[in-house]
Amino acid sequence: MMLSTHQQFEQCLEENDSGHFQARYKDLTLSSVYQPIFCRNENIIGVEALVRLKKDDGSQIRPDLFFHSSNVSMEDKVSVERLSRVIHIRNFSKSNYRKLNLFLNVLPSVGEYYALMDINASLLAKRLDDLDIDRSQMVMELVELSANNEANLKQAMDGLADNGFRIAVDDFGTEASNRERVESIRPSILKLDRSLLLQYIDGITEPLLSGIKLAQSIGAQIVIEGIETSQQYAAMRQLDIDMFQGYFLAMPKALSPSPSVITA
């Protein structure tokens, strides 16, 4: 059964010894880590929430392999994605970063559901209100997977944007994160995939520069992902890029709960 109600989500949640929310789903434990995103003056403007998946036997599952696997049912993928969002928002709300932007990954197949609902009545909107987090802080990142129906996906993303959420297309340059999706959805943020960065460093500059031009043509801000060396960072800073993300700048980690933050 796909998780969909407040009660179902609450039954999966628990708080660990460090004061972080985590979730249990079947034989998985879900936890949150966050990777900072920096602007050009090297201040942190937000964090991307990333889920970590651990099986009962202690082994780790890479999230990208889990969500791409044909052996995992869509029901399980959707439930894990939704639970991830629940713990990400709650842990974010308890941290010193709670006034910054929170980037949340969205499966296109899940995003399409927003076309069928009243965003203002959704569990997501209600939780943000309860935690006193403004919708404009939420950047909903569409990952690179294909949608069942791109027209429905556009309708859903338009609905989120019309109700105060910000939309990003993630991993541009891979799979379904292509020019057609960007021109259709017209996100406020375009995240350029690390593969374009590596090509650029190797002298194949057109794919990355084309992505920058595309973002500029629709008025989107640009994030370059996957910076892992000082050389890469220096090269990207020479370009018209707004935000930077990668292991060279900051590793993903759990956010320390702030004792001064009181949340619902």
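On a predicted model such as this, the values are computed, not experimentally measured, just so you know.

> Explain the pairing of strand β8 (residues 166–172) to me, using residue names and the numbers behind them.
Among the seven residues of β8, six are classified as buried, and the element is accordingly described as predominantly covered. Bridge count between strand β7 (residues 138–142) and β8: four bridges; the pairing is parallel. Along β8, the bridge assignment pairs Met 140 with Ile 167. Handedness of the crossover joining β7 and β8 through helix α6 (residues 150–162) is recorded here as right-handed. Pairing geometry for β8 and strand β9 (residues 189–192), over three bridges, is parallel. Counted as the bridge partner of Val 169 is Leu 190 from β9.

> For unusual backbone geometry, give the residues involved together with the corresponding values.
With a phi close to 70 degrees, Glu 42 is a non-glycine residue in the positive phi region. Residue placement: Glu 42 occurs in the loop between β3 (28–39) and β4 (44–55). For Asp 132, which is not a glycine, the phi torsion comes out positive at approximately 55 degrees. Tracing the chain through its elements places Asp 132 in the loop between α5 (123–130) and β7. Relative accessible area serves as the criterion here: at 56%, Asp 132 is assigned to the exposed category.

> How would you sum up the pattern of salt bridges? Please name residues and give values.
Scanning the entire structure with this criterion turns up 15 salt bridges. With its nearest N and O atoms 2.8 Å apart, the salt bridge here joins Arg 24 to Asp 56. Taken together, the residues Arg 24 in strand β2 (residues 21–25) and Asp 56 in the loop between β4 and β5 (60–61) connect sequence positions 32 residues apart. Using a relative accessible area of 28% as the deciding quantity, one classes Arg 24 as partly exposed. In this structure, Arg 62 engages Asp 64 in a salt bridge whose closest nitrogen and oxygen atoms are separated by 2.5 Å. Taken together, the shared-partner salt bridges in this structure form one network comprising Glu 48, Glu 141, Lys 191 and Glu 225.

Parameters at a glance
- Residues numbered from 1 in each chain as written.
- Predicted model: local features only at pLDDT ≥ 70, side-chain atom pairs only at ≥ 80, totals over all residues.
- Heavy atoms only, no water.
- Buried < 20%, exposed > 50% of the residue type's maximum accessible area, 1.4 Å probe, protein only.
- Helix = DSSP H or I, 4+ residues; strand = E, 2+ residues; numbered from the N terminus.
- Pairing = 2+ DSSP bridges.
- Right-handed = clockwise from strand over helix to strand, strands pointing away.
- Salt bridge = Lys/Arg side-chain N within 4 Å of Asp/Glu carboxyl O.

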